[in-house]
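For reference, the chains in residue letters:
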Amino acid sequence: MAGGAERTPAGIELVPAAGVRSLRGLRAVVGLPGLGWRGDLRVDDAIVQASRTFVPALPEQEWYRAESEQTEVFAPLVPLERVWVERVSTSVTPPSGADLALVSLDAPPARVPRRVREVPRVSGLRMVRVPGPDDKTGGDQRDLRAVTEAYNGVEGDICVRVCREVDWYRWAWSGQAPKTMEVPVHLLWVE
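A brief structural summary. None of these values were measured; they are calculated from a predicted model.

Considerations on the layout of surface pockets
Estimated volume of the second largest pocket: approximately 270 Å³. Forming the walls of the second largest pocket are 16 residues, and the residues nearest its centre are Arg24, Asp44, Leu58, Glu67 and Val73. Looking at the lining of the second largest pocket, the elements that each hand over two or more residues are strand S3 (36-43), strand S5 (52-59) and helix H1 (60-69). Its residues assigned to classes, the lining of the second largest pocket comprises 8 nonpolar, 2 polar and 6 charged.

Some points on the side chain of Glu86
On the secondary structure map, Glu86 appears in strand S7 (residues 83-89). On the accessibility criterion, Glu86 (13% relative accessible area) is buried. If we ignore the near neighbours within four places in the chain, the residues touching Glu86 are Ile12, Glu13, Leu14, Arg27, Arg111 and Arg126.

Some details on the pairing of S3
On any regular strand, side chains alternate: one points to one face of the sheet, the next to the other face. Where strand S2 (residues 27-32) meets S3, 5 bridges bridge the pair, whose relative direction is antiparallel. Each residue of the ladder has a partner; that of Val30, found in S3, is Arg38. The hairpin turn running from S2 into S3, its antiparallel successor, is 3 residues long, and Gly34 in that turn takes a positive phi close to 85°. Sheet analysis places S3 next to S5, joined by 3 bridges and oriented antiparallel. If you follow Arg42 over to S5, its bridge partner there is Leu58.

Side note on the packing of H1 against helix H2 (residues 165-174)
Viewed as axis vectors pointing N to C, H1 and H2 meet at an angle of 95°, and their least axial separation amounts to 9 Å. It follows that H1 is roughly perpendicular to H2 by the angle criterion. Each of Glu60, Gln61, Tyr64, Arg65, Ser68 and Glu69 in H1 lies in contact with H2, whose residues at this interface are Glu165, Val166, Tyr169, Arg170, Ala172 and Trp173. For the contact of H1 with H2, the class distribution of residues is 5 nonpolar, 2 polar and 5 charged.

Points about the pattern of salt bridges
A complete count under the given rule lists 23 salt bridges for this structure. The shortest N-O distance in the salt bridge between Asp44 and Arg24 comes to 3.2 Å. Residue Asp44 is located in the loop between S3 and strand S4 (47-49), and its partner Arg24 is located in the loop between strand S1 (11-16) and S2; the two are separated by 20 residues in the primary sequence. Residue classification places Arg24 among the partly exposed positions, given a relative accessible area of 43%. The shortest N-O distance in the salt bridge between Arg170 and Asp167 comes to 2.8 Å. Pair noted here: Arg170 and Asp167 are both in helix H2, with a separation of 3 residues, about one helical turn.

Regarding the nonpolar core
Grouped together as the largest cluster of nonpolar side chains are 16 residues, with contacts concentrated most on Val116, Val122, Met127, Val160, Val162, Leu188 and Val190. Elements represented by at least two residues in this core include exactly strand S9 (126-129), strand S10 (141-146), strand S12 (158-164) and strand S14 (188-190). At 3 residues, the largest contribution of residues to this core is made by S14. By size, the runner-up hydrophobic cluster in this structure holds 13 residues, among which are Ala17, Ala28, Val55 and Val85.

Criteria and cut-off values
Residues numbered from 1 in each chain as written. Predicted model: local features only at pLDDT ≥ 70, side-chain atom pairs only at ≥ 80, totals over all residues. Heavy atoms only, no water. 1 Å grid on protein atoms, 1.4 Å probe; cavity = no way out; pocket = protein on both sides within 12 Å on 5 of 7 lines; lining within 4 Å. Points joined across faces, edges and corners; volume = space filled by probe spheres on them. Helix = DSSP H or I, 4+ residues; strand = E, 2+ residues; numbered from the N terminus. Nonpolar A, V, L, I, M, F, W, Y, C, P; charged D, E, K, R; others polar. Buried < 20%, exposed > 50% of the residue type's maximum accessible area, 1.4 Å probe, protein only. Contact = heavy atoms within 4.5 Å. Pairing = 2+ DSSP bridges. Axes fitted to C-alpha atoms, helices over the stretch in contact; angles between N-to-C directions. Parallel < 35°, antiparallel > 145°, perpendicular 65-115°, else oblique. Salt bridge = Lys/Arg side-chain N within 4 Å of Asp/Glu carboxyl O. Core = buried A, V, L, I, M, F, W, Y, C linked by side-chain atoms within 4.5 Å.

Keep in mind that these numbers describe shape and distance, not what the molecule does.
Rendered as structure tokens:
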């Protein structure tokens, strides 16, 4: 990579929602240990009904629509013990050696960032943009979605066009094409 050493963004670990004070708007995974997991959800703060604690969980598209358009939507209630929330964590490390990483079925697995060039198809996937050598902000940019596959950019870099996640979902519910930005693949990771 031109301009310095490549930096890997932090990964995503999943923690039980019961240990998180404010859940509103967090990415979540729901499921049952030993059975399976469903992701691409956003949750709201827990509520108590008949002495049981539940978490309202929405598909991300519905959550973004409700937030963007300030509308009420129906959110299924999931028992608190079946909800894990995502947290950015530098302790998430790639598995060593094998291409196939085995996981425990006791909890949803962590998400290790992968280089775009290692993933055969990226359109629609969650992305992290790491700062380039000239970027003064220094922070990773998350909540992005790839809207193209890799291609040859205008200045000769291999690039992917990305958009903000809210714009990705707005494209689905309204048909309004998102504003995108071209990002060289050496600054882009699959989350």
